[in-house]
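# Structural description and commentary
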Amino acid sequence: MLQPILSESDLKRLQSYLGNAQHIVVTCHVSPDGDALGSLLAFTHFLKRKGKKVTPIVPNLFPDFLKWLPGADEVRIYDRNEAELDPLIAGADLFVWTDFNEPSRMDKLERPVMSHPAPKLMFDHHLHPVDDCVLTVSRQEMCSTCEILFRVLLQWDGIENISTEEAACLYTGMMTDTGGFTYNSTRSEIYESIGLLLSRGIDKDRIYRNIFYAYSADRFRLMGYLLYVKMKVFPQYNAALMTLTREERKRFSNKNGDTEGFVNLPLQISGMRLSVFLREDTEKEAIRVSLRSVDDFPCNRMAAEFFNGGGHLNASGGELQCSMDEAVATVQEAIKKYAPLLKGKK
């Protein structure tokens, strides 16, 4: 039996903030993934069901394989429509943050949101949430923000009132943030939640195909190239590294979201504990860093120490302002620093 995750007083506070709001802006972190967009859209559907005026805004483009999500065509992209969206943001009387723990994760959207006096609500599962919101619902032990949000909606409204659209978005976030329930997904409550979401009429098999079986032939050619040509394995450290430049992305007609999941591939090699993926950003001079690990290797510690980032124990990210060669050197330094843990020693 799933237990309430909000105290009675916090639930009443949440209901009061949402009840008094006339125009709500819901947003998520830059470079939205399945959990970010899933939680944003699920909450948007919920608020519209409650009769609210809602504007869902994301900082930049989200991957093509998420465009099928119910309501995705109504999401506004801030970095392409700043002049048009700034007045809408200025007219909001409440902001809802989903799947991020600090304002900087909104990128350019941080400026208009944080300069606005309207109250902010946070729903998130990352470590160390900031204290900028009037109500923060943060549960680091949960697999995703969508799991948190499902538990909140369940407590508020009961399973019988959660729509199929809301359920599909919530399931998508839970599934993608656990790699199809292959990591960070051993708690029994996750599967109780899935069972309840299935009762709302979602087709989990179709959702899986929409996410993982919707890529182009060019994407598979790029994957083969990365594994055969670009992957460097450090067997003495149980670690692997892949890199991708702008020129290579162009050569393979790389579309938004095509590299999703590539960082996980080297972990299929026996004994691998860490995989790092470096790729040149297509919109600014920066190297984006993704880290994945297995067992107890702390990706988040390495990301914070070497890559200006953070995240979860087994899935983290960051960013470097340097050349690709310098980024590779930084990864090698990080791997050597963490050698005892990579070799399984405490």
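Now for a look at the structure at hand.

What counts and what doesn't
- Residues numbered from 1 in each chain as written.
- Predicted model: local features only at pLDDT ≥ 70, side-chain atom pairs only at ≥ 80, totals over all residues.
- Heavy atoms only, no water.
- Helix = DSSP H or I, 4+ residues; strand = E, 2+ residues; numbered from the N terminus.
- Rg over C-alpha atoms; globule rule 2.2 N^0.38 Å.
- Buried < 20%, exposed > 50% of the residue type's maximum accessible area, 1.4 Å probe, protein only.
- Contact = heavy atoms within 4.5 Å.
- Areas by Shrake-Rupley, 256 points an atom, 1.4 Å probe, with all protein chains shown as cover.
- Axes fitted to C-alpha atoms, helices over the stretch in contact; angles between N-to-C directions.
- Parallel < 35°, antiparallel > 145°, perpendicular 65-115°, else oblique.
- Left-handed = near helix turned anticlockwise from the far one by under 90°.
- Nonpolar A, V, L, I, M, F, W, Y, C, P; charged D, E, K, R; others polar.
- Pairing = 2+ DSSP bridges.
- Polar contact = N/O pair within 3.5 Å; in protein donor to acceptor, adjacent residues only side chain to side chain.
- Disulfide = S-S within 2.5 Å.

## Description of the overall build of the protein chain
Summing up its helical and strand segments, the protein chain has 13 helices and twelve strands in all. The C-alpha atoms of the protein chain give 20 Å as radius of gyration, which agrees with the globular expectation for 346 residues (20 Å, within 12%). Considered along the principal axes of its C-alpha atoms, the protein chain spans approximately 55 × 50 × 40 Å. Residues classed as buried in the protein chain amount to 55% of the 346 residues present. Long-range pairs, those at least 24 residues apart, make up 65% of the contacts in the protein chain between residues at least 6 apart in sequence. Accessible surface for the protein chain amounts to roughly 15,200 Å². Of this, 49% is attributable to carbon and sulfur atoms.

## Thoughts on the packing of helix α2 (residues 34-49) against helix α5 (residues 145-157)
Put simply, α2 and α5 touch, their axes get as near as 9 Å, and they point 20 degrees apart. Of the possible angle classes, the one that applies to α2 and α5 is roughly parallel. For the crossing formed where α2 meets α5, the hand is left-handed. Residues Asp35, Gly38, Ser39, Ala42, Phe43, Phe46 and Arg49 of α2 form the contact with α5, whose participating residues are Thr145, Cys146, Leu149, Leu153, Trp156 and Asp157. Here the residues of the contact of α2 with α5 are counted per class, giving seven nonpolar, three polar and three charged.

## Things to note about the sheet that holds strand β7 (residues 232-234)
A sheet is described by the order of its strands in space; here six strands give the open sequence β7-β8-β9-β10-β12-β11, paired in mixed fashion. Each having just a single partner strand, β7 and β11 (310-311) make up the two edges of the open sheet. In terms of strand pairing, β11 meets strand β12 (residues 315-320) through two bridges, oriented antiparallel. Its bridge partner being in β12, Gly311 is matched across the sheet by Ser316. Sitting on the sheet, helix α9 (residues 217-230) is in contact with β7, β8 (239-244) and β9 (274-280), with an inclination near 125 degrees to β8.

## Quick notes on unusual backbone geometry
A negative phi angle is the norm for most residues apart from glycine, just as the trans form is the norm for most peptide bonds. Although it is not a glycine, Asp295 adopts a positive phi angle of roughly 55 degrees. With respect to the helices, strands and loops of the structure, Asp295 is situated in the loop between β10 (287-293) and α11 (299-306). Despite not being glycine, Asn308 has its phi angle at roughly 55 degrees, a positive value. Examined against the element boundaries, Asn308 turns out to sit in the loop between α11 and β11. Note on Asn308: relative accessible area 64%, which makes it exposed.

## Section: the side chain of Asn60
One can find Asn60 in the loop between β2 (53-58) and β3 (76-77). In this structure Asn60 comes out as buried when scored by relative accessible area, which is 11%. At 2.7 Å, the side chain of Asn60 forms a polar contact with the backbone nitrogen of Ser31. Not counting the four nearest positions on each side in its chain, Asn60 is found in contact with Val30, Ser31, Pro32, Ile77 and Asp79.

## A few points about the state of the cysteines
Following the criterion strictly, the structure yields zero disulfides and no others. The cysteine Cys143 is free of any disulfide, with Cys146 supplying the nearest cysteine sulfur at 8.5 Å. A relative accessible area of 1% places Cys143 in the buried class. The thiol of Cys322 is unpaired, and the distance to the nearest cysteine sulfur, on Cys299, comes to 19 Å. The exposure class assigned to Cys322 is partly exposed, which follows from its relative accessible area of 26%.

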